[in-house]
Amino acid sequence: MDRLTAMETFVHVVETGSFSAAAKRLGIGQPAVSKSIAQLEARLAVRLVLRSTRGLTPTEAGLAFFEKAKSAIFEADEADEAARGAGAGLTGNLRVSAGVTFSRMRIIPNLGPFLDQHPGLNIDVLLDDRILNLVEDGIDVALRIGNLSDSGLTARRLGQSPSRVFGTPAYFERFGEPQSPADILNHQAVIYSLGESPLWPFKQGPHEHAIAARGRLRVTSSEGLRAGVLAHHGLAMTSEWMFGPELARGEVKAVLTDWELPPKDLWAVLPTGRMPSAKAKAFIEYVEGLMA
């Protein structure tokens, strides 16, 4: 039995909580995972996981082995990278989770130099506006915009964008431009309803106004938000990242610019308890450079 492979299999079993989920992540059959864990327990002469109808639970010995195994795997990966040499570039697969619109506009079109620098590296980009489970989905790094709901996450801020209220010239010609935050109540808004507060918190010096924007169109993706605004259905409060090209071409206009709205941060998020690989570090640094 390959000891390192067995350790990697065990780590995936603990992180995913089941043989079947670990097998899916590894791309092998569940019997192979079960056999690997059984052989590992036999070699160590200790029970590593407890099986029940509710899933798998690592024993005390299993938890101790899990932490050491993760460190050993990380060290082995680092040794591989060092042996290849910095000039050889990165190799293997990198799984990245990111929002659909931000990736389409700011990340994927600009990956060329990074891919050219590392011809042996494959990047799987999981495009989804939902927050995925990094461990269960085998994600190396996630790019997330906004506030992080879990303060225990391992994260690094890569950039920041101002937030604005956007609409099209055609919409403003028909309904007029809001002159104060309170005027938002007289307008239709395209509401992004995926985990964000419906309040638009305006601030100007000591003055603060939290406006509950109203609209007949609610969407669960940034692509829908963009489409709704560009189809003249209403206003949207979002980051400049979402409408950068249209703003430059005059296809959308920002209003109430003398009022501040909370800026949007871009975060690189890593799986909890897992040390970043050289591939993840290089990708994070590259994206940070794009945001500069």
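For the structure itself, look to the data block above.
Just so we're clear, the structure is a prediction, and the values are computed from it rather than from any experiment.

Novice: What am I meant to see in the pairing of strand S2 (residues 55-58) here?
Specialist: Looking along a regular strand, one sees the side chains alternate between the two faces of the sheet. Pairing of strand S1 (residues 49-52) with S2 involves 4 bridges; the strand directions are antiparallel. Residue Leu50 lies in a different strand from S2, and its bridge partner there is Thr57. Where S1 folds back onto S2 in an antiparallel hairpin, the turn is made up of 2 residues.

Novice: What exactly am I supposed to notice about the packing of aromatic side chains here?
Specialist: Aromatic ring pairs are described here by two measures, namely the spacing of the ring centres and the angle between the planes. For the structure shown, the criterion picks out 7 aromatic pairs. When the ring of Tyr171 is compared with that of Phe172, the centres are 5.8 Å apart and the planes differ by 75 degrees; the resulting orientation is edge-to-face. Residue classification places Tyr171 among the buried residues on the basis of a relative accessible area of 3%. Relative to Phe175, the ring of Tyr171 lies with its centre 4.8 Å away and its plane at 40 degrees, an arrangement referred to as tilted. Of this pair, Tyr171 and Phe175 both sit in helix H7 (residues 169-175), 4 residues apart, roughly one helical turn.

Novice: Can you help me understand the packing of helix H5 (residues 100-107) against helix H10 (residues 278-291) in this one?
Specialist: Angle between the axes and distance between the axes: these two values describe a pair of packed helices. With their axes 12 Å apart at the nearest point, H5 and H10 run at an angle of 75 degrees to one another. One finds that H5 runs roughly perpendicular with respect to H10. Listed contacts from H10 to Phe102, Arg106 and Ile107 of H5 are Val287, Leu290 and Met291. Looking at side-chain class alone, the contact of H5 with H10 contains 5 nonpolar, no polar and 1 charged residues.

Novice: It is not clear to me how the packing of helix H2 (residues 19-26) against helix H3 (residues 30-44) should be interpreted in this structure. Could you clarify?
Specialist: Two numbers describe how H2 lies on H3: the axes approach to 8 Å, and their chain directions differ by 110 degrees. Judged by the inter-axis angle, H2 sits roughly perpendicular to H3. In this structure, H2 crosses over H3, and the sense of that crossing is right-handed. Taking contact as the criterion, the partners of Phe19, Ser20, Ala22, Ala23 and Leu26 in H2 are, on H3, Gln30, Val33, Ser34 and Ile37. In the contact of H2 with H3, the residues fall into 6 nonpolar, 3 polar and no charged.

Novice: What is the right way to read the pairing of strand S14 (residues 264-270) from this model?
Specialist: When you tally the buried positions in S14, you get 6 out of 7 residues, the bulk of the element. Bridge count between strand S5 (residues 141-145) and S14: 4 bridges; the pairing is antiparallel. Across the sheet, the residue bridging to Arg144 is Trp267, located in S14. Summarising the sheet, strand S6 (residues 154-161) and S14 pair through 7 bridges and their orientation is antiparallel. Within S14, the residue paired with Gln160 across the bridge is Asp265.

Novice: Explanation requested: the sheet that holds strand S12 (residues 236-239) in the structure shown.
Specialist: Strand pairing in a sheet relies on backbone hydrogen bonds, with the paired strands running either antiparallel or parallel. Read across the open sheet, the 3 strands follow the order S12-S7-S13; overall the sheet is antiparallel. Of all the strands in the sheet, the pair left with one neighbour each is S12 and strand S13 (253-255). The average angle at which neighbouring strand axes cross in this sheet is 50 degrees, direction not considered. When strand S7 (residues 163-167) meets S12, the two strands line up antiparallel, connected through 4 bridges. The partner of Val165 across the bridge, within S12, is Met237.

Novice: Explain the pattern of salt bridges here, please?
Specialist: It is possible for side chains bearing opposite charge to pair when their charged atoms get close. Scanning all chains against the criterion turns up 12 salt bridges. Linking Lys70 and Glu67 is a salt bridge whose minimum nitrogen-to-oxygen distance equals 3.9 Å. Of this pair, Lys70 and Glu67 both sit in helix H4 (residues 60-84), 3 residues apart, which is roughly one turn of that helix. Owing to a relative accessible area of 14%, Lys70 belongs among the buried residues under this scheme. Exposure remark for Glu67: the relative accessible area of 45% places this residue in the partly exposed category. Note that Glu288 is salt-bridged to Arg156, the shortest N-O span being 2.4 Å.

What counts and what doesn't
Residues numbered from 1 in each chain as written. Predicted model: local features only at pLDDT ≥ 70, side-chain atom pairs only at ≥ 80, totals over all residues. Heavy atoms only, no water. Pairing = 2+ DSSP bridges. Helix = DSSP H or I, 4+ residues; strand = E, 2+ residues; numbered from the N terminus. Phe/Tyr/Trp six-rings, centres within 6.5 Å; stacked < 30°, edge-to-face > 60°. Buried < 20%, exposed > 50% of the residue type's maximum accessible area, 1.4 Å probe, protein only. Axes fitted to C-alpha atoms, helices over the stretch in contact; angles between N-to-C directions. Parallel < 35°, antiparallel > 145°, perpendicular 65-115°, else oblique. Contact = heavy atoms within 4.5 Å. Nonpolar A, V, L, I, M, F, W, Y, C, P; charged D, E, K, R; others polar. Left-handed = near helix turned anticlockwise from the far one by under 90°. Salt bridge = Lys/Arg side-chain N within 4 Å of Asp/Glu carboxyl O.

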